[in-house]
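Chain residues, written in single-letter form:
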Amino acid sequence: MLGPSGSGKTTCLMMLAGFETATRGEIRLDGAEINNIPPHKRGIGMVFQNYALFPHMTVGENLAFPLEVRGMGKAERDAKVIRALDMVQMGEFGSRRPAQLSGGQQQRVALARALVFDPSLVLMDEPLGALDKQLREHMQYEIKHLHESLGITVVYVTHDQSEALTMSDRVAVFNDGEIQQLAPPAELYECPDNSFVAQFIGENNKLSGTVSERSGDEVSVKLENGGQCKALAVNCGGVGDETLISIRPERVAIGESVSDNSTEALVKELIYLGDHIRCRLDVHGNDQFIVKVSNSAGHKHLVVGEKTQINWAAQDARALNPL
Amino acid sequence: MGKQMTDTANSLDNRPTQAEIDLTTVDGTPLKAALANAQKRARRRALFLVLPLLLFVLITFLAPIGQMLLRSVHNPSFSDHIPNLSVWFDENPAGTEPGEAAYEALVLDLRSMRADKTMGIAGTRINYDLPGSRSLFTSTARKAGALEPPFQEAVIATNEKWANPKLWQVMRGASSAYTVDFYLAALDRTRDVNGDIVAVDDDRKIYAANFLKTLFLAGLITFCCLILAFPVAHLLATLPLRQSNLLMIFVLLPFWTSLLVRTTSWIVLLQSQGVVNDTLVATGIVADESRIQMIYNQTGTIVAMIHILLPFMILPLYSVMRPINPSYVRAARSLGATSWTAFRRIYLPQTIPGMGAGGLLVFILGVGYYITPALVGGASGQLISNFIAFHMQKSLNWSLAAALATLLLLMVLLLYWLYDRLVGIDNLKLG
Amino acid sequence: MKRTLLIATAMTGFAFAAQAAEVTVLGWGGAYTKSQSEAYHKPFTAETGITVNSVDADNPATPIKAQVEAGNVTIDVASVEFADGIRLCDEGLLEEIDHSILPAAPDGTPATDDFLPGSLTECIIGTDVYATVFAFNASKFDGNAPTSIADFFDPAAFPGKRGMRKTAKANLEMALMADGVPAAEVYDLLGTDEGVDRAFAKLDEIKDMIVWWEAGAQPPQLLADGEVDMSTAYNGRIFNAVVGEQQPFEIIWDGQVYEFEGYVIPKGAPNMEEAKAFVAFAAGTEALAKAAEWISYGPPRVSSGPLVGKYFDGSIEMGPNLPTTAANLTNALASSNDFWADKDTELNERFNAWLAN
């Protein structure tokens with residue numbers, strides 16, 4: 001679950017866990033309705049943003065807790081705890097207190113604790129939010145691998161889109177308490193259903209205008225500065241309705257070509273980034289138009305202030321709902 | 001991960017520090033010395049800043065306590081006024097039959113007491129150990145000027161109590177300013193004619209039982225405070241800020257009201273013609289003749305003290321509960337614990353520092369409480385501090401008051417030590 | 001810094017010296033202090049210009065020892081019970097007062113002959129005679145009201161609550177008198193262990209019904225609140241409640257214990273000269289008589305007796321209400337100063353133990 005803060009992802013997660021009651025609708029787990037099952041009977045593992053490791057218990061006791069409340073015998077408990085700790089490479093830390101562990105270590109323990117009782121579902125509420133960037137990326141892979149090797153379903157809440165794209169099979173993008181789009185990461189990026197998703201995931205160039213002509217999947221849009229643009233009709237109304245065209249920066253090419261859309265652009269700014277050059281252009285009156293020029297042999301060298309032709313395919317310009 | 005970090009820290013430690021390489025400041029002083037100087041100056045400045053408080057504490061707190069401790073073992077009110085008798089006591093071992101020399105010394109000392117008007121002080125000291133001796137000293141001292149040798153017969157002729165061996169044993173004991181007799185008295189013990197320590201008569205036993213009663217009542221009050229404060233503190237910690245602020249004002253309100261006013265309001269409420277009894281009678285629960293006695297007894301002391309000490313329990317509990325993240329309980333619930341188990345195993349243990357701090361605070365305040373039991377305790381609700389106050393203000397036996405106070409202090413220290421052993425004092429969180 | 005402090009201190013000193021002369025008098029509070037204020041404080045200030053600061057204590061004898069021993073005396077004159085005064089005097093805590101400073105009676109009788117026997121000692125100048133009596137709230141009894149000290153100690157006939165002062169003094173004497181001991185034999189009997197046991201046994205019979213008071217102002221309040229049906233009290237407090245506040249209280253002049261009270265000057269009083277002047281003024285025949293018009297405590301000077309008129313508002317003749325009136329002395333006990341100076345510690349210890357057990 002991905003979305004800006006206040007978009008309802010945590011509330012939704014809490015409803016799954018049973019800490020919030022859904023006023024309407026039903027929640028199903030493996031086909032069974034769980035709306036009225038109290039949290040402790042749902043069998044859902046949960047990893048909290050602050051880890052919520054019990055500070056007065058050792059790591060081992062933390063892990064044994066869910067097994068203990070299920071009335072599991074001591075020997076079996078110990079074996080499971082050791083296995084779970086080994087799984088997250090924390091085998092030697094069983095007798096430590098949470099306060100004696102680093103953030104990453106606490107994260108692993110929290111993970112192990114959520115998994116130790118073989119839950120049918122694991123919920124994670126921004127579990128990596130408190131870690132520094134490097135550690136976060138490392139943990140992302142680790143959770144992903146663990147997830148793959150255990151084959152357990154994980155519902156993961158984050159506001160970090162790259163984390164969502166890295167870790168997920170499917171991403172639900174939240175805004176205003178609604179799921180905007182539920183799709184695999186690639187589809188989200190390449191085929192956003194609406195302007196919010198297009199904006200929120202990855203970089204995006206916007207051109208607003210009104211639909212002037214529509215034929216099947218293709219529309220012609222009259223832009224605000226009078227220009228015309230052909231685009232793929234995804235989520236726009238009929239003729240006369242306002243629309244917002246979304247074009248990914250890497251789908252725009254420099255130079256004249258046979259593409260559907262070709263226009264003149266003024267180079268405003270160039271940023272050299274090694275593998276590519278980021279160009280900010282003024283296109284159809286939008287001076288925040290970004291184009292990524294690959295730093296390959298023989299690419300066109302632009303100069304700030306110069307006018308150049310750019311073009312893109314109608315398939316790559318998605319006509320979406322206006323914001 | 002953690003290991004890596006430790007390794008880095010170690011390698012940092014192994015590097016030579018700057019002071020080890022001979023660095024100097026611009027004027028040539030070694031850097032180490034210059035730094036040490038600067039630090040010394042800073043420390044001196046810091047000391048200068050805390051000096052007023054240090055002096056204040058020394059003068060107004062430590063010195064009086066020290067004086068009190070001294071008073072409990074040091075009472076020179078007899079020994080200072082008997083230069084001649086002291087000599088006789090030094091020269092003659094305990095058990096010697098007092099002869100003419102002893103009575104002569106006595107008469108000389110009584111005469112000087114008469115001149116200095118100190119026979120009342122000296123007599124009072126003996127009176128503590130042998131009641132009825134005070135007037136013996138004052139009356140005989142008035143006549144001492146006219147007594148003629150042989151003094152033994154003359155003195156005994158004024159009052160035959162002077163021949164009592166117990167009196168001489170008590171005087172010998174009091175001839176040294178240092179004594180543990182006040183501690184004996186504070187523990188319901190006394191000395192018999194032979195100087196052996198024995199228990200006092202049953203109808204005079206009072207302090208030992210009262211110490212136990214004080215401990216028991218303070219414990220009971222602490223327990224009730226804990227039971228009452230826990231939900232309130234929890235509410236305070238979990239309500240939205242606006243409501244919890246309002247609730248906090250209600251909790252703190254008693255702090256802004258005079259102790260006397262609060263205690264007196266309890267009198268208004270609980271007395272037999274008071275609000276509570278009137279309500280009970282009006283609703284027919286209790287007959288007019290059998291109104292319940294809720295004040296001027298132990299019940300009154302307990303009720304009023306619980307009310308007065310409650311904030312001291314709520315505040316430490318609140319300060320511990322406030323930072324407890326609700327996700328702990330949620331985590332426990334999601335891990336399969338019922339709400340009761342989550343409370344018992346997860347929430348409750350995390351509030352222990354607050355319970356410890358509040359409990360210790362309420363208990364120690366309760367053990368030493370004076371004004372409330374004095375006002376609403378009647379006869380059965382008196383605590384040990386009321387007896388300390390009695391001896392400070394009424395009987396004016398300050399040494400006994402000091403001995404009682406010292407025992408109280410020792411008891412509190414003992415509890416503090418026990419607490420440290422059982423819970424750990426670093427676990428204390430006062431706010 | 002140090003010099004500034006010195007200068008400041010010195011200036012404060014000057015400021016005090018420059019102030020008008022004053023004297024601090026410690027009293028018992030309530031109606032009693034009121035009577036002293038009207039009879040002594042105000043006329044004294046009017047005559048001499050010396051300001052009188054009036055402060056109160058539950059028992060003014062108790063702060064004296066603390067103040068003198070601590071060397072920080074703020075009181076110039078204190079009103080104390082005789083037994084306390086004698087004890088403090090024996091301990092060297094009080095200033096001796098030369099009886100020659102006391103004014104003679106209007107007919108020229110010297111003060112030492114005019115004061116009642118025992119009402120002057122080297123440290124204490126008697127101001128009044130008060131009695132610890134018992135009184136009842138008439139509205140609590142229909143016809144069958146208590147009439148004697150024995151009734152106060154009779155739990156069967158009078159089952160209501162009663163108030164008593166939280167101390168051994170007077171209570172033990174009253175208990176013995178209620179048990180049938182004639183006033184003249186009370187102290188002899190109390191001097192023996194059997195006598196003390198007998199007194200406590202009598203107290204035991206009503207122990208559960210007693211509400212203990214400590215300040216003199218409490219018993220009228222307890223009676224008025226209906227908290228107790230009857231209570232021991234200082235007779236003047238009851239009188240003032242009856243006359244001043246129209247309370248339905250009645251005093252039983254039977255088995256009461258009366259005692260002198262007087263002024264003492266602590267050693268090291270800050271305004272010694274003013275203190276002596278004040279005591280001498282208060283000991284005057286008219287002043288003592290006037291005090292008795294404000295509270296029903298008897299004047300200790302023979303010459304004051306005939307001067308005592310009506311209560312200050314003119315409503316009632318004071319004579320019959322004074323503890324010194326012959327009609328009120330049929331079965332009364334004079335408190336023994338020597339007995340209490342001697343036995344105070346012992347009996348109060350026993351009393352406290354009895355209370356607590």
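Residues numbered from 1 in each chain as written. Chains lettered and ligands numbered in written order. Predicted model: local features only at pLDDT ≥ 70, side-chain atom pairs only at ≥ 80, totals over all residues. Heavy atoms only, no water.

Quick look at the overall build of chain C now. Helix and strand counts for chain C come out as 14 helices and nine strands. The C-alpha radius of gyration computed for chain C amounts to 21 Å, which stays within 12% of the reference 21 Å derived for 357 residues, consistent with globular compactness. C-alpha atoms of chain C, sized along the principal axes, occupy 70 × 45 × 40 Å. The buried share of chain C, reckoned over its 357 residues, is 60%. Summed over all atoms, the accessible surface of chain C reaches about 13,600 Å², with 54% contributed by carbon and sulfur. With 23 positive and 52 negative side-chain charges, chain C shows a spacing of 6 Å between the two charge centroids. (Helix = DSSP H or I, 4+ residues; strand = E, 2+ residues; numbered from the N terminus. Rg over C-alpha atoms; globule rule 2.2 N^0.38 Å. Buried < 20%, exposed > 50% of the residue type's maximum accessible area, 1.4 Å probe, protein only. Areas by Shrake-Rupley, 256 points an atom, 1.4 Å probe, with all protein chains shown as cover. Lys, Arg positive; Asp, Glu negative; His and termini not counted. Charge placed at Lys NZ, Arg CZ, Asp CG, Glu CD.)

Next up on the list: the nonpolar core. Residues Phe 54 and Leu 123 of chain A are the most contacted members of the largest nonpolar core, which totals 90 residues. With eleven residues, the top contributor of residues to this core is helix α14 (residues 298-321) of chain B. Discounting residues that sit within four places of it in the chain, Leu 123 of chain A has contacts with Leu 13, Leu 16, Ala 17, Ile 44, Gly 45, Met 46, Val 47 and Val 155 of chain A. Of all hydrophobic cores here, the second largest spans 41 residues; its members include Ile 149, Phe 152, Leu 172 and Val 196 of chain C. (Core = buried A, V, L, I, M, F, W, Y, C linked by side-chain atoms within 4.5 Å. Contact = heavy atoms within 4.5 Å.)

Turning our eyes to something else, we now look at the domain arrangement of chain C. All names here are of chain C. Domains assigned within chain C are domain 1 (19-129 + 261-317) and domain 2 (130-258 + 326-356). Taking only C-alpha atoms into account, the centre of domain 1 sits 26 Å from that of domain 2. Listed as interface residues are 22 residues of domain 1 and, on the opposing side, 18 residues of domain 2. Here domain 1 and domain 2 share an interface that buries about 1,700 Å² over both sides, 54% of which is from carbon and sulfur atoms. (Domains from an automatic or database assignment. Buried area = accessible area lost by both parts, 1.4 Å probe.)

Moving on: the confidence of the model for chain C. All names here are of chain C. Residues with a pLDDT of 70 or more make up 94% of chain C, whose mean pLDDT is 89. Of all helices and strands in chain C, the one with the weakest mean pLDDT is helix α1 (residues 2-18) (47), whereas helix α7 (residues 171-178) scores best (96). Every residue in residues 8-18 scores below 50 in pLDDT, and together they form zero contacts with partners more than four places removed in sequence or on other chains. For this predicted complex, the interface confidence reaches an ipTM of 0.76, while the overall pTM sits at 0.77. (pLDDT = per-residue confidence, 0-100.)

Here we take up the sheet that holds strand β12 (residues 253-254) of chain A. Reading across the sheet, the five strands line up as β12-β16-β13-β14-β15 (chain A) and stay open at both edges, with antiparallel pairing between neighbours. The open sheet has two free edges, formed respectively by β12 and β15 (286-294) of chain A, since each of these has just one partner strand. (Pairing = 2+ DSSP bridges.)

Right, let's talk about helix α1 (residues 9-17) of chain A for a bit. Within the span of α1 of chain A, buried status applies to Lys 9, Leu 13, Met 14, Leu 16 and Ala 17 of chain A. For α1 of chain A, the buried positions fall inside an angular range of 155° around the axis, keeping them on one side. Summarising the contacts, the buried residues of α1 of chain A are in contact with β3 (44-47), β4 (121-125), β5 (153-157) and β6 (171-175) of chain A together with α15 (326-334) of chain B. Looking one or two residues beyond α1 of chain A, the residue adopting positive phi is Gly 18 of chain A, at roughly 100°. (Arc of directions from axis to C-beta.)

Moving on to unusual backbone geometry. Residues Pro 149 of chain B and Pro 150 of chain B are joined by a peptide bond in cis, for which omega reads -5°. Tracing the backbone through its elements, the reader meets Pro 150 of chain B in the loop between α6 (134-143) and α7 (151-158). Even without being glycine, Tyr 51 of chain A reaches a positive phi, approximately 75°. Inspection of the secondary structure assignment puts Tyr 51 of chain A in the loop between β3 and α2 (59-69). The backbone of Lys 117 of chain B shows a phi angle near 55°, a positive value even though the residue is not glycine. In this fold, Lys 117 of chain B is placed in the loop between α4 (100-116) and α5 (119-129).

Let us look at the interface of chain C and chain B. Accessible area lost upon the coming together of the parts is a frequently used measure of interface size. Taken residue by residue, the interface counts 35 residues in chain C and 37 residues in chain B. Both sides of the chain C and chain B interface together cover about 3,400 Å² of buried area, and 46% of this is carbon and sulfur. When the area that chain C buries against chain B is broken down by residue, the three leading residues are Asp 90, Glu 227 and Asp 342 of chain C, summing to 19%. The tally of links between chain C and chain B comes to eight salt bridges. Between Asp 90 of chain C and Arg 142 of chain B there is a salt bridge; the shortest N-O distance is 3.3 Å. Where chain C touches chain B, the interface holds 13 residue pairs in polar contact (both at pLDDT 80 or more). The set of elements that each furnish at least two residues to the side of chain C that touches chain B consists of α3 (61-70), α4 (82-90), β6 (210-213), α10 (218-225) and α14 (337-356) of chain C. With eleven residues, α14 of chain C is the largest single contributor of residues to the side of chain C that touches chain B. (Salt bridge = Lys/Arg side-chain N within 4 Å of Asp/Glu carboxyl O. Polar contact = N/O pair within 3.5 Å; in protein donor to acceptor, adjacent residues only side chain to side chain.)

This brings us to the state of the cysteines. According to the stated counting rule, one finds one disulfide over all chains in the structure shown. A disulfide bridge connects Cys 89 of chain C with Cys 123 of chain C, and the sulfur atoms are separated by 1.9 Å. Disulfide Cys 89 of chain C-Cys 123 of chain C: the torsion about the S-S bond is 55°, which places it as right-handed. One end of the pair, Cys 89 of chain C, is in helix α4; the other, Cys 123 of chain C, is in the loop between α5 (111-114) and β4 (125-137), with 34 residues separating them in the sequence. When sorted by exposure, Cys 89 of chain C lands in the same class as Cys 123 of chain C, which is buried. With no disulfide partner, Cys 229 of chain A has as its closest neighbouring cysteine sulfur the one in Cys 236 of chain A, 12 Å distant. (Disulfide = S-S within 2.5 Å.)

This part takes up the packing of helix α16 (residues 339-350) of chain B against helix α17 (residues 352-367) of chain B. All names here are of chain B. Where α16 contacts α17, the axes come no closer than 4 Å and their chain directions differ by 50°. Judged by the inter-axis angle, α16 sits oblique to α17. Only Ile 352, Pro 353 and Met 355 of α17 make contact with α16, whose side of the interface consists of Leu 348, Pro 349 and Gln 350. (Axes fitted to C-alpha atoms, helices over the stretch in contact; angles between N-to-C directions. Parallel < 35°, antiparallel > 145°, perpendicular 65-115°, else oblique.)

What follows is about the arrangement of the chains. Of all two pairs of chains that touch, the greatest number of contacts is found between chains B and C. Spatially, chain A is disjoint from chain C: no contact exists, and the shortest C-alpha separation is 45 Å.

Before going further, it helps to spend a moment on the sheet that holds strand β17 (residues 318-320) of chain A. As summarised here, the arrangement of the five strands in space is β8-β9-β10-β17-β11 (chain A), forming a closed barrel in which the pairing is mixed. Going across the sheet, the axis of each strand differs from the next one's by a mean of 55°, ignoring polarity.

Quick look at the side chain of Gln 271 of chain B now. Within the fold, Gln 271 of chain B resides in the loop between α12 (259-270) and α13 (275-282). Those residues in contact with Gln 271 of chain B, other than ones at most four positions away along the chain, are Trp 266, Asn 277 and Ile 295 of chain B together with Asp 225 and Glu 227 of chain C.

Before going further, it helps to spend a moment on the packing of aromatic side chains. We describe a pair of aromatic rings using the distance from one ring centre to the other and the angle between the two ring planes. Overall, the coordinates contain 38 aromatic pairs over all chains when judged by the stated rule. Taken together, the ring pairs connect Trp 28, Tyr 32, Tyr 130, Trp 213, Tyr 234 and Tyr 297 of chain C into an aromatic cluster. Here the guanidinium or amino end of Arg 113 of chain A rests over the ring plane of Phe 54 of chain A, the centre of that ring lying 4.5 Å away. Over the ring of Phe 152 of chain C we find Arg 162 of chain C, and its NZ or CZ is 5.7 Å from the ring centre. (Phe/Tyr/Trp six-rings, centres within 6.5 Å; stacked < 30°, edge-to-face > 60°. Lys NZ or Arg CZ within 6 Å of the ring centre and 35° of its normal.)

With that settled, the discussion passes to the interface of chain A and chain B. Each side of the interface is counted separately: chain A has 24 residues, and chain B has 19 residues. With a shortest N-O distance of 3.1 Å, Arg 345 of chain B and Glu 68 of chain A are connected by a salt bridge. The tally of links between chain A and chain B comes to five residue pairs in polar contact (both at pLDDT 80 or more). Contributing elements (two or more residues each) for the side of chain A that touches chain B: β3, α2 and α4 (103-115) of chain A.

Residue and element names in this part refer to chain C. Taken as a whole, α10 has its buried residues at Pro 219, Pro 220, Leu 222 and Leu 223. Down the axis of α10, the buried set is contained in an arc of 160°. They therefore lie on one face. Buried residues in α10 make contact with β4, β6, β7 (230-234), α11 (235-245) and β8 (249-264). Two residues or fewer past α10, Gly 226 is found with a positive phi of approximately 75°.

Residues and elements named next belong to chain C. Taken across its six residues, strand β1 (residues 22-27) has five buried, putting it largely inside the fold. Pairing geometry for β1 and strand β2 (residues 51-56), over six bridges, is parallel. By the bridge assignment, Val 25 is partnered in β2 with Ser 54. The pairing of β1 with strand β3 (residues 77-81) spans two bridges and is parallel. Considered in β3, the bridge of Leu 26 is made with Ala 78.

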